[in-house]
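Inside the fold
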Amino acid sequence: MDAESGRGAANARKKSWRSELVLAYQSLGVVYGDVATSPLYVYRSAFAGGDIEHSEGNEEIYGVLSLVFWTLTLITLLKYVLIVLRADDDGEGGTFALYSLICRRVRTGLLPGGAGDDLKEQRDGAAPPPASSVRAALQQRRDLQWLLLLFALLGTSMVIGDGVLTPAVSVFSAVSGLKLSMVNEQHQYVLLPVTCVILVGLFALQHFGTHRVGFLFAPIVCLWLLCISTIGVYNIIHWNPHIYKALSPYYVYRFLQKTQTGGWMSLGGILLCVTGSEAMYADLGHFSQSSIKIAFTTVVYPSLILAYMGQAAYISRHHSFERNHHIGFYISVPEKIRWPVLGIAILAAVVGSQAVITGTFSVIKQCCSLNCFPRVKIVHTSSTVHGQIYIPEINWILMILCLAVTIGFRDTKHMANAQGLAVITVMIVTTCLMSLVIVLCWNKNLVFALAFLLFFGAIEAVYFSASLVKFHEGAWVPIILSFIFLMVMCIWHYGTTKKYEFDVENKVSISWLLNLGPSLGIVRVRGIGLIHTELVSGIPAIFSHFVTNLPAFHQVLVFLCIKSDSVPHVQPEERFLVGRIGLKQYRLYRVVVRYGYRDVQQDNLEFEKALVSSIAEFIRSGDADQNGHPDGSDSPYERLSIISKGLPFQEDGEVEGSPESSAPKETNQKLVSSKSKRVKFVLPENAQINSEVRSELQELTEAREAGMSFIMGRSYMKAKSGSSLIKRISINFIYEFLTRNSRSPAYAANVPHVSTLEVGMVCQV
């Protein structure tokens, strides 16, 4: 048996490694498309500004190669692959993953609706984090919390800006190979139209989803990496076998000593060799740490180094360029294979752009889930692969902005300057948040966090200054774009927070509701009424409007609260929390439904079934006092029971003309049934339920048969008289404009429009 168990363990290890290798192969097409196409424009961008000249001594090209090598090694390999990838939030990566990690460990956060920040600690049974000066400062100072949120939103807005710039730079650089294949300056009439056509086609195909063409991605990137590494080896052997000496950091010193200010300004172009590093971390949730590390260290990193060395080897033996900005990738490609390489490069650029666009969709979905971005339509293009989504509004906005940048600049110099500033800003945000994670989440000494911040922060600060100085040469684009997106996110967050505070201040007390009696002072009609609210306690103000103005209400009322917690995923057994309001004869329930910021919300039919099943299980198992959080607990969900598994039920079709359907009938001792549709709850074996519980389940089945109605509040935000001018503009105009042009809460909750009733309210904030 020991031998058999040993073989079983060996087979498991083989299967595990086989799975990791498959994931590593798949990650090539999703994660590394952007960084793999960087050789198309790095050298061209470094020499494009005229800040440095390519001389006979080759100090410039050797220095640029050395800088590219050490930038790739220190930032991408050391920082991201070896350190940052370890800071995953339940397997997820990205700026919001770092922010949610910090907020959860500090037990504080500014995201509205994030009442479940401690969910992961409850799930994992983690002990309270030890006290520290950094944690205490973040808990006590509101301004530091706002600064942390603003920093996270800044990084997110720059990621969106990168989603605009990367397709333009990648595709334009790939198509620029036509310059060397056409004569008489004909390329100037072809280059821009071809780029625009490819970009339009790229964005037009987004609605099909990456899962339909995903099988092509990895082979294309593999072919591209094989192509550039083979060309690199050929150029090294044929032109300059001693180019490896330029990898020494000594040539960085020689380069900066000779070029001085010009060399510093060229860093903005050299920086482009690490574009896509942030995407590697952001796409962590689709793969695993080991698979991404294997793919980068064994395939991507060596191929890129060989490609850059090969280009430098060719350029070091050719000095008769008309202008320095003609130094590019295609000039080092042997003339006989330029056309095939051009085709592969365009395909690789499209793949790289696809990955960045998909990443932008994922980031915006996270912002929407945490109420930091206006509600948009989110289409899940794959039923099996999580994270493959399509957002129509954002897709067409990105396409228009991308075409505007391409047509406006018409060269890679300005577009590369813009992309460089966006990339380095995201990296600086990641470095700062990561230093907090080292102290707060990894519980390391403050010295380690400061060392990480100072080492990588100093390198990135130099690159940031070199990119920022080119503000008038294209770097203003990501600043303008990020300012617009940041303003939208901040105003939406501010308005949503104020609306939530208004709801809390104006909520109706439960005692007032209970004084109305079981009938609530009105006629109760058949059916289930779902009252959507952001509150996890108390009665929303819209309910008092109904009680005082409408003559009837449903026999079963459910106060439904959908919360997005600052964790990536909520387990299905932790999703529904159910409680009772008042006595049993009132038939009033409160249900809190929790989703992670990367969870896919159920469609309305599945959601209704899960909701009714959870309420039925709550009725069968007992009250919240016995099953959930006790009174006076610190949990935000007081007096609610976590329903790990709902009571299953069967819902048959209508039985017309059957005399049995006109009266309630029990078809089995283990079934509680109703008339017409025969909604039956399947009770566990040996379940002992009393007549009161059976009657309540019977009434729930009758209400489910009659159907559900969704009552949504429609708030019109107005700033109070005497408010500042900035607040009046933000609330009365910008927030209201965003509210009118975004999806309604009914859409976000997958609520069918035919069953929806909206109640308008004016909120003075």
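Refer to the structure above for everything that follows.
Worth saying up front: this structure is predicted, and the values here are computed from it rather than measured. (Residues numbered from 1 in each chain as written. Predicted model: local features only at pLDDT ≥ 70, side-chain atom pairs only at ≥ 80, totals over all residues. Heavy atoms only, no water.)

Considerations on empty space enclosed by the protein
We apply this condition: In this analysis a 1.4 Å probe is tested at points of a 1 Å grid over the protein atoms alone, and where it fits but cannot get out there is a cavity; an open set with protein on both sides within 12 Å along at least five of seven lines is a pocket; lining residues have an atom within 4 Å of a point. Grid points are joined across faces, edges and corners, and a volume is the space filled by probe spheres set on the points. In this text, helices come from DSSP runs of H or I with a minimum length of four residues, and strands from runs of E with a minimum of two, each type numbered from the N-terminal end. Any residue outside Ala, Val, Leu, Ile, Met, Phe, Trp, Tyr, Cys, Pro, Asp, Glu, Lys and Arg is labelled polar, Gly included; the first ten of those are nonpolar and the last four are charged.
Applying the stated criterion to the full structure yields seven cavities of 30 Å³ or more. Approximately 320 Å³ is the volume attributed to the largest cavity. Together, 25 residues line the largest cavity, and Val159, Glu278, Ala279, Ala282 and Val363 are the ones closest to its centre. For the lining of the largest cavity, the secondary-structure elements that each account for two or more residues are helix H5 (95–106), helix H8 (142–175), helix H14 (277–282), helix H16 (338–369) and helix H18 (412–440). Here the element with the most residues in the lining of the largest cavity is H16; it accounts for seven residues. Grouping the constituent residues of the lining of the largest cavity by class yields eleven nonpolar, ten polar and four charged.

Observations regarding the packing of aromatic side chains
Put simply, the rule is: Two rings belonging to Phe, Tyr or Trp (six-membered ring only in the last case) form a pair when the distance between their centres is within 6.5 Å. Interplanar angles under 30 degrees mark stacking, angles over 60 mark edge-to-face geometry, and anything in between is tilted. Relative accessibility decides the category of a residue: with a 1.4 Å probe and only protein chains considered, values under 20% of the type maximum give buried, values over 50% give exposed, and everything between is partly exposed. To sit over a ring, a charge needs its Lys NZ or Arg CZ within 6 Å of the ring centre and within 35 degrees of the ring normal.
Following the criterion strictly, the structure yields 15 aromatic pairs and no others. Aromatic side chains Phe69 and Trp70 sit 5.1 Å apart centroid to centroid with 80° between the ring planes, which places their arrangement in the edge-to-face category. By relative accessible area, which is 15% here, Phe69 ends up buried. Between the aromatic rings of Phe329 and Tyr330, the centroid separation amounts to 5.3 Å while the plane-to-plane angle is 75°, which identifies the pairing as edge-to-face. For Phe329, a relative accessible area of 3% corresponds to the buried category. The class for Tyr330 is buried, based on a relative accessible area of 6%. Taken together, the ring pairs connect Tyr32, Phe296 and Tyr301 into an aromatic cluster. Positioned over the ring face of Trp442 is Arg86, at 4.7 Å from the centre of the ring.

Topic: the pattern of salt bridges
Our working rule: Here, a salt bridge means any side-chain nitrogen of Lys or Arg that lies within 4 Å of a carboxyl oxygen of Asp or Glu.
Under the counting rule described, the total for this entry stands at twelve salt bridges. Glu59 serves as the salt-bridge partner of Lys258, at 3.2 Å between the closest nitrogen and oxygen. Taken together, the residues span a long stretch of sequence, with Lys258 in helix H11 (residues 250–259) and Glu59 in helix H4 (residues 59–83) at a distance of 199 residues. With its nearest N and O atoms 3.8 Å apart, the salt bridge here joins Arg526 to Glu705. Of this pair, Arg526 sits in strand E3 (residues 523–532) while Glu705 sits in helix H25 (residues 691–706); the two residues are 179 residues apart in sequence, bridging distant segments of the chain. Relative accessible area serves as the criterion here: at 45%, Arg526 is assigned to the partly exposed category.

Points about unusual backbone geometry
Located in the positive-phi region is Asn443, a residue other than glycine, with phi close to 55°. Summarising the element assignment, Asn443 is placed in the loop between H18 and helix H19 (446–468). The class for Asn443 is partly exposed, based on a relative accessible area of 41%. For Arg587, which is not glycine, the phi torsion reads 60° and is therefore positive. Mapped onto the fold, Arg587 is located in the loop between strand E5 (576–580) and strand E6 (588–596).

Observations concerning the sheet that holds strand E7 (residues 641–643)
Formally: Note on pairing: two strands pair once DSSP finds at least 2 bridges between them. Convention adopted: a line fitted to C-alpha atoms gives each axis, helices being fitted over their contacting stretch, and angles between N-to-C directions are expressed from 0 to 180 degrees.
The sheet built from seven strands is open, its strands ordered E7-E5-E6-E4-E3-E11-E12 with mixed pairing. Edge positions in the sheet fall to E7 and strand E12 (756–764), since each of these pairs with one other strand and no more. Averaged over all pairs of adjacent strands, the angle between their axes in this sheet comes to 30°, without regard to strand direction. Here strand E4 (residues 552–565) pairs with E6 via nine bridges, running parallel. Residue pairing for E6: Cys561 is matched across the bridge by Val592.

Side note on the packing of helix H20 (residues 476–505) against helix H26 (residues 725–740)
We count it as follows: Geometric relationships in this document are graded by angle, where less than 35 degrees denotes roughly parallel, more than 145 denotes roughly antiparallel, 65 to 115 denotes roughly perpendicular, and other angles denote oblique. We call two residues in contact when some of their heavy atoms are within 4.5 Å.
Relative to each other, H20 and H26 sit at 100°, their axes nearing to 10 Å. When the axis of H20 is compared with that of H26, the two are roughly perpendicular. Contact with H20, carried on its side by Val488, Ile491, Trp492, Tyr494, Gly495, Thr496 and Lys499, involves Lys727, Ser730, Ile731, Ile734, Tyr735, Leu738 and Thr739 of H26 and no other residues of that element.

Section: a nonpolar patch on the surface
Rule in force here: To count toward a patch, a residue needs a relative accessible area above 30% and no salt bridge. Like charges then connect within 9 Å, nonpolar side chains (Val, Leu, Ile, Met, Phe, Trp, Tyr) within 5 Å. Accessible surface is estimated by sampling points in the Shrake-Rupley manner with a 1.4 Å probe; for residues, cover comes only from the protein chains shown.
Where nonpolar side chains cluster on the molecular surface, the patch consists of Phe471, Trp476, Ile480, Phe483, Ile484 and Met487 and spans about 560 Å² of accessible area. Here Ile484 is to be found in helix H20.

With respect to the side chain of Glu608
The topology assignment puts Glu608 in helix H23 (residues 604–621). If sequence neighbours within four positions are ignored, Glu608 has contacts with Arg704, Met708 and Phe710.

Observations regarding H16
The criterion, for reference: A helix's residues, less one, multiplied by 1.5 Å, set its expected span.
With 32 residues, H16 should cover 46 Å at 1.5 Å per step; its first-to-last C-alpha distance of 46 Å lies within 8% of that length. Taken across its 32 residues, H16 has 26 buried, putting it largely inside the fold. One or two residues past the end of H16 sits Asn371, with phi positive at roughly 60°.

Describing the packing of helix H17 (residues 392–409) against H20
To keep it simple, the criterion reads: Note: crossing handedness is left-handed where the near helix turns anticlockwise from the far helix by less than a right angle, and right-handed where it turns clockwise.
Across the interface, H17 lies against H20 with an axial gap of 13 Å and an inter-helix angle of 155°. If you check the angle between H17 and H20, you find them roughly antiparallel. For H17 against H20, the interelement crossing comes out right-handed. Across from Leu401, Val405 and Phe409 in H17, the residues of H20 making contact are Trp476, Val477, Leu481 and Phe485. Counted by class, the contact of H17 with H20 contains seven nonpolar, no polar and no charged residues.

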